[in-house]
Amino acid sequence: MGMDTPAAIDAAVLAFCATVAPGLPEYVDVTPGEGARIAYCFDNAAAQVAQYGGEIAWGWAIWRWPGRYFEAEHHGIWRDPQGRLHDVTPMLYGQTRILFLSDPTAVFDPERYRTNILGAEPGNAAAAEYVALANARAAILNAYGEPGVEHAITPEDQARLDAITPRWMALHAALEG
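Okay, so let's go over this structure. (Residues numbered from 1 in each chain as written. Predicted model: local features only at pLDDT ≥ 70, side-chain atom pairs only at ≥ 80, totals over all residues. Heavy atoms only, no water.)

1. A few points about the overall build of the chain
And then number 1: In terms of regular secondary structure, the chain is built from 4 helices and 6 strands.
And then number 2: Helices and strands in the chain line up, N terminus first, as α-β-α-β-β-β-β-β-α-α.
And then number 3: Considered along the principal axes of its C-alpha atoms, the chain spans approximately 50 × 40 × 30 Å.
And then number 4: Classification of the 177 residues of the chain by burial places 40% in the buried group.
And then number 5: A fraction of 72% describes how many contacts in the chain between residues 6 or more apart in sequence connect residues 24 or more apart.
And then number 6: Taken as a whole, the chain presents about 9700 Å² of accessible surface, with 56% of it coming from carbon and sulfur.
And then number 7: Between the mean site of the 11 positive side-chain charges and the mean site of the 22 negative ones, the chain shows a separation of 4 Å. (Helix = DSSP H or I, 4+ residues; strand = E, 2+ residues; numbered from the N terminus. Buried < 20%, exposed > 50% of the residue type's maximum accessible area, 1.4 Å probe, protein only. Contact = heavy atoms within 4.5 Å. Areas by Shrake-Rupley, 256 points an atom, 1.4 Å probe, with all protein chains shown as cover. Lys, Arg positive; Asp, Glu negative; His and termini not counted. Charge placed at Lys NZ, Arg CZ, Asp CG, Glu CD.)

Structure below.
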């Protein structure tokens, strides 16, 4: 199954969201804008604002891998002139709604990449270890700039990655099983 929109806003979802930003998450329908591209939420929302008015609502898309962990992904959606929220970005896996946690302080800045925030489901020790290792890997890699952009990694940082990556991958495989 993997990561998806949480099926319900339960106590575990609310506890995770409280570690990300104040406020309560809400479901928002995904209605892709004309010409909208997957993974370009900030551009897609800005295009809607330019064409129809309103504003960009900054925040986090909340994903859940049930029984394993949560992930908050920096996200921007469109608040129409009447104040209604719309996610105008098509989803990679075809989701028709997302769980959105508003965070007006999470304004998009192309000079400051915001990493995803992970949190283990309560009571899952393997997921807790996986999240800790994923955060350690992200801390190393994000020091080199935006993910996906090639940078020369120092031998020291490569050694740190090499030390944790096998366990991180094994835990992910175990979580899938």
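2. Digging into helix 4 (residues 155-176)
And then number 1: With 22 residues, helix 4 should reach 32 Å at 1.5 Å per residue; the first-to-last C-alpha distance of 31 Å fits that figure.
And then number 2: The sharpest bend along helix 4 reaches about 35° and sits at I164, with the proline P166 one to four residues further on.
And then number 3: By the burial criterion, the buried members of helix 4 are D157, L161, I164, T165, L171 and L175.
And then number 4: Buried residues along helix 4 sit against strand 2 (55-65), strand 3 (69-79) and helix 3 (125-142). (Expected span 1.5 Å × (residues − 1). Bend = angle between axes of the 7 residues up to and from the residue.)

3. Comments concerning the packing of helix 3 against helix 4
And then number 1: Put simply, helix 3 and helix 4 touch, their axes get as near as 9 Å, and they point 150° apart. In the crossing of helix 3 with helix 4, the sense of the turn from one axis to the other is left-handed. Every residue of helix 4 that contacts helix 3 at A126, A127, E129, Y130, L133, A134, A136, R137, I140 and L141 is listed here: D157, R160, L161, I164, T165, R167, W168, L171, H172 and L175.
And then number 2: Here the contact of helix 3 with helix 4 is built from residues that sort into 13 nonpolar, 2 polar and 5 charged. (Axes fitted to C-alpha atoms, helices over the stretch in contact; angles between N-to-C directions. Left-handed = near helix turned anticlockwise from the far one by under 90°. Nonpolar A, V, L, I, M, F, W, Y, C, P; charged D, E, K, R; others polar.)

4. Considering the pattern of salt bridges
And then number 1: In total, this model carries 6 salt bridges according to the counting rule given.
And then number 2: In this structure, E55 engages R79 in a salt bridge whose closest nitrogen and oxygen atoms are separated by 2.7 Å. With E55 in strand 2 and R79 in strand 3, this residue pair connects regions lying 24 residues apart in the sequence.
And then number 3: Linking E129 and R167 is a salt bridge whose minimum nitrogen-to-oxygen distance equals 2.8 Å. (Salt bridge = Lys/Arg side-chain N within 4 Å of Asp/Glu carboxyl O.)

5. With respect to the side chain of T89
And then number 1: Mapped onto the elements, T89 comes out in the loop between strand 4 (85-86) and strand 5 (97-102).
And then number 2: Reaching out from T89, the side chain makes a polar contact with the side chain of N44 at a distance of 3.0 Å.
And then number 3: Ignoring anything within four residues of it in the chain, the contact list for T89 reads V30, P32, R37, I38, A39, Y40, C41 and N44. (Polar contact = N/O pair within 3.5 Å; in protein donor to acceptor, adjacent residues only side chain to side chain.)

6. Here we look at the side chain of E121
And then number 1: With respect to the helices and strands, E121 occurs in the loop between strand 6 (117-120) and helix 3.
And then number 2: For E121, a relative accessible area of 8% gives the class buried.
And then number 3: A distance of 3.3 Å separates the side chain of E121 from the backbone nitrogen of G67, its partner in a polar contact.

7. Overview of the environment of L92
And then number 1: Within the secondary structure layout, L92 lies in the loop between strand 4 and strand 5.
And then number 2: For the pair L92 and P22, spaced 70 residues apart in the sequence, the C-alpha separation amounts to 27 Å.

8. Things to note about the packing of aromatic side chains
And then number 1: According to the stated counting rule, one finds 7 aromatic pairs in the structure shown.
And then number 2: Each ring, one from Y52 and one from W78, has its centre 5.9 Å from the other, and the planes form 45°; the classification is tilted. Pair noted here: Y52 is in helix 2 (residues 41-52) and W78 is in strand 3, with a separation of 26 residues, a long-range link.
And then number 3: Over the ring of Y27 we find R97, and its NZ or CZ is 3.6 Å from the ring centre.
And then number 4: Stacked on the ring of W168, the Lys or Arg R137 has its end atom at 3.9 Å from the ring centre. (Phe/Tyr/Trp six-rings, centres within 6.5 Å; stacked < 30°, edge-to-face > 60°. Lys NZ or Arg CZ within 6 Å of the ring centre and 35° of its normal.)

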